[in-house]
Amino acid sequence: MTTTIQPRLTQVFRFLHARYADGVAELAYAFDDGEPMVERIRFPHAPALPRERQAAFDAALKLLHLVAGVSYYKAGVPPKIEVADGPLDDATADLLDALYLHGLAEFAYRNGLDLRGRVNFPRLGAETKRESRRGGASQPAAKALGLPHRTLVPIGGGKDSLVAVEAIKSISGDATAVWVGNSALIAACAARTGLPTLNIQRELAPALFELNQRGAWNGHIPVTAVNSVILAVAAILYGHDSIAFANERSASAATLEYDGQQVNHQWSKGYAFEQLLGDWLHSHVAADLDYCSLLRPYSELAITRAFAKLTPYFDAFSSCNRNFKLLGPKPADRWCGQCPKCHFVFLALAPFLPKPRLLAIFGRNLLDDETQAAGFDALLEYKDHKPFECVGEGAEARAAMYALSQRPEWQEDALVARFRDEILPQLDAAQLALEPWLEPSAEHRVPARLQAALKAIG
Ligand SMILES: CC(=O)N[C@H]1[C@@H](OP(=O)(O)OP(=O)(O)OC[C@H]2O[C@@H](n3ccc(=O)[nH]c3=O)[C@H](O)[C@@H]2O)O[C@H](CO)[C@@H](O)[C@@H]1O[C@H](C)C(=O)N[C@@H](C)C(=O)N[C@@H](CCC(=O)O)C(=O)O
Ligand SMILES: Nc1ncnc2c1ncn2[C@@H]1O[C@H](COP(=O)(O)OP(=O)(O)OP(=O)(O)O)[C@@H](O)[C@H]1O
């Protein structure tokens, strides 16, 4: 029984089954011979699936099962992984090995675990591969399905996805604002976009919370990967040919390096994961289903500059992750004002907004509060590493702070003055310009039909 299992002592993590009926996907997992833990994803008003999309849907659902398993696997991290459907082809196993290793790197680091050599998804053996090649079924090559030219744009309640929405609207792209979960804040942002909306519900297995209470391993999981594959299933089901996330260039930068391994809180928002999943969807699901990030060429500072023009969202959005907890009470204010996301977004918007406007958004001046010094120091990578949160690079935080230290309206505020007097003398002034951060880089996977939207951002 799951209720009696000691998760940290388990030997096998088992992927039991993935089923879909009437708009509900059921994903089942177990430790050892324990009771199934079942996660459910609900797709509202799900249309009947056209027959020509069935194989693509099945492939996407199978990947969702494997990817969403990361929430449960982490509770025990047993030495063996079993997949009831049988071993995986190399591309699928590579994707999952990378996701579980790098997406759980922060979890492993903070729990003193080492997952290297431990995460091994079962692969087809050489003999099986030879057999299947003889039968003509080697590496899968998915067909184009003639999916409608429509884009799913995920909404996270923060600034980034709203910049992506407005960029797509600026080229009159046909798009749906979509979000996973039941956040009222995200729903309000999605409604404000004026786009058609789609709200997919996700229910984690209650057994996971029981395991957590009984001392399971716990920590950060690569939630953007889970949301991405939920949207891949939705794209096939509802008929969209593209999924445009809003993951910035800075998301690829590691939070810290430890024992020769990069630990990146935002790994599944980074470019390496985008490439792995984008290629996998092309080869295993549909040649005409594109997965990309519309903000990939841009730094956080380029994005906050773009967001500073989107005034209609100012009284609806929040980047503070405390709003998005599944369990427990939500904060009274949209911005808690204490966490790394609040610190970073305040700092990164400050160079681009009139000061009274910024203070109205946050209801306070975080840079004139000495008690917040340690939080801002971590953002600047001064005496500390970057926080385990979705924040920009240390160098861009330093560039923003430097810009403020040159502005009369900011330079007397406690933490800006402290930066000027204590931190600035230790820095190389040539590395502190804001302008280079506003230049887009060339690296992205935005499909040709959406590339005009990139110009609306930069
Ligand atoms: C909202 C939040 O930040 N949650 C993280 C927090 O969880 P907490 O225990 O404080 O509360 P709940 O969110 O209610 O979660 C309860 C437990 O459920 C498990 N869980 C939840 C969601 C899920 O997808 N899988 C799960 O296993 C987990 O055991 C929770 O304890 O701390 C947790 C432990 O460190 C984090 O796992 C929770 O993070 C959520 C998965 C989450 O949605 N976080 C996003 C706000 C987030 O971090 N986004 C990243 C995106 C980068 C990436 O994809 O890696 C970001 O903004 O940086
Ligand atoms: N609940 C969700 N459902 C679907 N997509 C989500 C959800 N939460 C976040 N995302 C998406 O994941 C990506 C990364 O999220 P992130 O939190 O960085 O973006 P954001 O909320 O738009 O901006 P901010 O950085 O200000 O928080 C974005 O594309 C966002 O839309």
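These numbers come from a predicted model, not from an experiment. (Residues numbered from 1 in each chain as written. Chains lettered and ligands numbered in written order. Predicted model: local features only at pLDDT ≥ 70, side-chain atom pairs only at ≥ 80, totals over all residues. Heavy atoms only, no water.)

## Concerning the sheet that holds strand β3 (residues 37-42)
Here comes step 1: Pairing is mixed across the open sheet formed by nine strands, whose spatial order is β4-β1-β2-β3-β7-β6-β5-β8-β11. Strand pairing shows two members of the sheet lacking a second neighbour, β4 (80-83) and β11 (290-293), which therefore form its edges. Along the sheet, successive strands turn relative to each other by an average axial angle of 20 degrees, direction set aside.
Here comes step 2: Here strand β1 (residues 12-21) runs beside β4; their pairing, made up of four bridges, is parallel. Pairing of F15 across the sheet is with V83, part of β4. (Pairing = 2+ DSSP bridges. Helix = DSSP H or I, 4+ residues; strand = E, 2+ residues; numbered from the N terminus. Axes fitted to C-alpha atoms, helices over the stretch in contact; angles between N-to-C directions.)

## As for the site of ligand 2
Here comes step 1: Inspection of the region around ligand 2 gives 19 residues, with P154, S161, A246, K269 and S319 positioned closest.
Here comes step 2: Between G156 and ligand 2, the recorded distance is 3.2 Å, taken from a backbone N or O atom to an oxygen atom.
Here comes step 3: In isolation ligand 2 offers 590 Å² of accessible surface; the protein chains occlude 91% of this area.
Here comes step 4: Ranked by residue count, the leading element in the shell around ligand 2 is helix α6 (residues 159-170), at three residues.
Here comes step 5: Class assignment of the residues belonging to the shell around ligand 2 gives a composition of eight nonpolar, seven polar and four charged. (Near = heavy atom within 4 Å. Polar contact = N/O pair within 3.5 Å; in protein donor to acceptor, adjacent residues only side chain to side chain. Areas by Shrake-Rupley, 256 points an atom, 1.4 Å probe, with all protein chains shown as cover. Nonpolar A, V, L, I, M, F, W, Y, C, P; charged D, E, K, R; others polar.)

## Brief notes about unusual backbone geometry
Here comes step 1: One non-glycine residue, D259, lies in the positive phi region at around 50 degrees.
Here comes step 2: Tracing the backbone through its elements, the reader meets D259 in the loop between β9 (256-258) and β10 (261-263).
Here comes step 3: Residue classification places D259 among the exposed positions, given a relative accessible area of 54%.
Here comes step 4: Here the phi dihedral of E381 falls at roughly 55 degrees; this positive angle occurs in a residue that is not glycine.
Here comes step 5: Secondary-structure assignment places E381 in the loop between α14 (373-379) and α15 (394-405).
Here comes step 6: Judged by its relative accessible area of 37%, E381 falls in the partly exposed class. (Buried < 20%, exposed > 50% of the residue type's maximum accessible area, 1.4 Å probe, protein only.)

## Remarks on the pattern of salt bridges
Here comes step 1: A complete count under the given rule lists 27 salt bridges for this structure.
Here comes step 2: A salt bridge links R202 to E39, with the nearest nitrogen and oxygen atoms 2.7 Å apart. Here R202, found in strand β7 (residues 197-203), pairs with E39, found in strand β3; they are 163 residues apart in sequence, far enough to count as distant.
Here comes step 3: Take E39: its relative accessible area is 0%, and that puts it in the buried class.
Here comes step 4: The salt bridge partner of D160 is K159, with a shortest N-O separation of 2.7 Å.
Here comes step 5: Relative accessible area serves as the criterion here: at 4%, K159 is assigned to the buried category.
Here comes step 6: The structure contains a network of salt bridges with shared partners spanning D90, D94, D97 and R123. (Salt bridge = Lys/Arg side-chain N within 4 Å of Asp/Glu carboxyl O.)

## Describing the environment of F362
Here comes step 1: In this fold, F362 is placed in helix α13 (residues 355-362).
Here comes step 2: Separated by 50 residues in sequence, F362 and P312 place their C-alpha atoms 15 Å apart.
Here comes step 3: Setting aside residues no more than four positions away along its own chain, F362 makes contact with W335, C342, V345 and F346. (Contact = heavy atoms within 4.5 Å.)

## Re the pairing of strand β5 (residues 151-154)
Here is the key point about a regular strand: its side chains alternate between the two faces of the sheet.
Here comes step 1: With burial as the criterion, each face of β5 is covered, one bearing T151 and V153 and the other bearing L152 and P154.
Here comes step 2: As paired elements, β5 and strand β6 (residues 175-180) share four bridges and run parallel to each other. Within β6, the position partnered with V153 by the bridge is A177.
Here comes step 3: Handedness of the β-α-β unit built from β5, α6 and β6 comes out right-handed. (Right-handed = clockwise from strand over helix to strand, strands pointing away.)

## Regarding the site of ligand 1
Here comes step 1: Around ligand 1, the structure places 25 residues, and the nearest of them are T224, H265, K325, L326 and L327.
Here comes step 2: Taking L326, its main chain carries an N or O atom lying 2.6 Å from an oxygen atom of ligand 1.
Here comes step 3: The fraction of the free accessible surface of ligand 1 (940 Å²) that becomes covered by protein chains is 82%.
Here comes step 4: Ranked by residues supplied to the shell around ligand 1, first place goes to helix α8 (residues 206-213) with three residues.
Here comes step 5: Each residue belonging to the shell around ligand 1 can be placed in one class, and the counts come to 10 nonpolar, 10 polar and five charged.

## Comments concerning the UniProt feature "domain: MurL C-terminal" (unreviewed entry) in the protein chain
Here comes step 1: Under the feature "domain: MurL C-terminal" (unreviewed entry), the UniProt entry names residues 317-427.
Here comes step 2: Note that residues 317-427 is 42% helix and 0% strand, and that its end C-alpha atoms are spaced 34 Å apart. (UniProt positions renumbered as here; feature names shortened; annotations may be inferred.)

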